[in-house]
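Below are the chains, spelled out letter by letter.
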Amino acid sequence: MLQQTTVTAVIPYFERFTQLFPTVGDLARADADTVMGAWAGLGYYARARNLHACAQVVARDMGGHFPDTVEGLRALPGIGPYTAAAIAAIAFGRPVVPVDGNVERVTTRLFAMTDPLPRARPAIARQAAHLNDDPLAHDRPSDFAQALFDLGAGICTPRTPACALCPWRDACAGLRKGIAASLPHKTPKAPRPTRYGVHFHLTDASGGLLLHRRAESGLLGGTLGLPGPQWRAERWSTEEALRHAPPGRPAPQWRHVGEVRHVFTHFTLIVDVYAARIARFPNTIARDGGLVHPCDGLGQMGIASLMRKCITLAAASTE
DNA sequence: GATCCGTGGTA
DNA sequence: TTACCAAGGAT
């Protein structure tokens with residue numbers, strides 16, 4: 001959960017998740033919808049699919065016990081170099097240094113490494129691996145790893161690091177050279193493009209809402225959302241948008257209820273939301289890939305934040 | 001190696 | 001408002 005996600009955001013999800021799935025076996029036996037429902041809103045949904053798959057491998061092939069080596073952990077779904085090292089150090093006391101964003105920042109500053117990311121990543125990892133060569137650190141891999149995270153999170157922060165409070169201030173080449181705060185250097189990112197979408201909020205007299213399941217892989221993979229055409233680079237005219245609306249007889253009276261702006265990692269999305277209410281959903285809904293769900297029972301469903309914004313907007317405007 | 005993948009907080 | 005950032009991984 002903590003991959004690219006702040007501790008503050010994770011804590012409530014962690015509490016609920018471990019309550020729902022106390023053991024690896026419980027998680028392995030759960031169905032995908034339950035897992036996605038517990039993850040919804042946290043983002044990066046491939047992590048939920050990988051974690052579920054990981055639990056199934058551990059439960060089925062390993063008797064419910066995780067491997068206790070970096071190599072064994074690294075082979076599991078969703079566990080990469082960082083997470084394998086973190087589990088090996090923290091759970092199994094292996095003398096390895098997990099390299100996350102904090103450790104990259106601390107390392108580049110400590111050794112005044114000015115080569116920009118991401119090119120410098122291998123060299124940074126090689127330097128970081130030697131951070132616990134000190135016997136005192138080497139004997140306590142778990143504490144050392146977490147101390148590094150906390151040093152990065154609390155002292156050696158991205159902006160305005162508190163160098164005066166740093167236990168490594170005398171050893172820090174970056175501080176000595178006066179460049180610590182500027183590290184690590186990064187190659188400039190490409191500008192974030194804007195894309196445009198249309199989604200339809202269709203309800204019936206009995207309080208049902210039309211949803212559809214997104215493809216398993218790709219953006220918001222495996223989550224539920226409002227139906228609509230593929231997002232694209234150009235805005236949608238009303239006439240063009242309504243050509244993609246879900247059918248109904250008599251035809252739904254669509255109203256444009258507003259727009260939702262949502263920022264993804266690599267593009268900004270602007271969604272026009274249309275809403276309508278009909279007497280009863282046609283029997284062909286399921287054939288067309290749709291599913292109808294009660295409006296007042298969406299809480300536990302695997303619905304991404306973007307789609308919740310759209311649903312909230314439409315629901316507020318239909319009162 | 002570059003791209004794709006969410007969301008919320010903060011300066 | 002904008003830009004950056006967060007206990008990264010898969011393809």
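Quick notes on the rules
Residues numbered from 1 in each chain as written. Chains lettered and ligands numbered in written order. Predicted model: local features only at pLDDT ≥ 70, side-chain atom pairs only at ≥ 80, totals over all residues. Heavy atoms only, no water. UniProt positions renumbered as here; feature names shortened; annotations may be inferred. Helix = DSSP H or I, 4+ residues; strand = E, 2+ residues; numbered from the N terminus. Buried < 20%, exposed > 50% of the residue type's maximum accessible area, 1.4 Å probe, protein only. Contact = heavy atoms within 4.5 Å. Lys, Arg positive; Asp, Glu negative; His and termini not counted. Charge placed at Lys NZ, Arg CZ, Asp CG, Glu CD. Near = heavy atom within 4 Å. Polar contact = N/O pair within 3.5 Å; in protein donor to acceptor, adjacent residues only side chain to side chain. Nonpolar A, V, L, I, M, F, W, Y, C, P; charged D, E, K, R; others polar. Axes fitted to C-alpha atoms, helices over the stretch in contact; angles between N-to-C directions. Parallel < 35°, antiparallel > 145°, perpendicular 65-115°, else oblique. Left-handed = near helix turned anticlockwise from the far one by under 90°.

- Chain A has the name Adenine DNA glycosylase in an unreviewed UniProt entry, where Novacetimonas maltaceti is given as its organism.
- Quoted verbatim from the Sequence similarities (unreviewed entry) field of UniProt, the annotation for chain A is "Belongs to the Nth/MutY family."
- The Function (unreviewed entry) field of the UniProt record for chain A holds the comment "Adenine glycosylase active on G-A mispairs. MutY also corrects error-prone DNA synthesis past GO lesions which are due to the oxidatively damaged form of guanine: 7,8-dihydro-8-oxoguanine (8-oxo-dGTP)."

### So, the overall build of chain A
- Looking only at helices and strands, chain A has 13 helices and six strands in total.
- Seen through its C-alpha atoms, chain A measures out along the principal axes to roughly 75 × 50 × 30 Å.
- Residues counted as buried form 42% of the 319 residues belonging to chain A.
- Contacts in chain A between residues at least 24 apart in sequence constitute 65% of all its contacts with a sequence separation of at least 6.
- Averaged over its 34 positive side-chain charges, chain A has a centre that lies 6 Å from the centre of its 26 negative ones.

### Thoughts on the protein's contact with DNA strand B
- Near DNA strand B, the surroundings consist of 18 residues, among which Leu220, Val263, Thr265, His266 and Ser305 are the closest.
- At the protein interface, 58% of the atoms of DNA strand B within 4 Å belong to sugar or phosphate.
- Take Thr5: an N or O atom from its side chain is 2.8 Å from a base nitrogen of DNA strand B.
- For the surface near DNA strand B, the elements supplying multiple residues, two or more each, are β4 (255–263) and α13 (305–317).
- Here the surface near DNA strand B is composed, by residue class, of nine nonpolar, nine polar and no charged.

### Observations regarding the packing of helix α3 (residues 32–39) against helix α4 (residues 46–61)
- The geometry of α3 relative to α4 is characterised by a closest axis approach of 10 Å and an angle of 135° between their N-to-C directions. Comparing their axes, α4 and α3 come out oblique. Like other packed secondary-structure pairs, α3 and α4 cross with a definite hand, here right-handed. Contact residues: Ala32, Val35, Met36 and Trp39 in α3; Arg47, Ala48, Arg49, Leu51 and His52 in α4.
- Class assignment for the residues of the contact of α3 with α4 results in six nonpolar, one polar and two charged.

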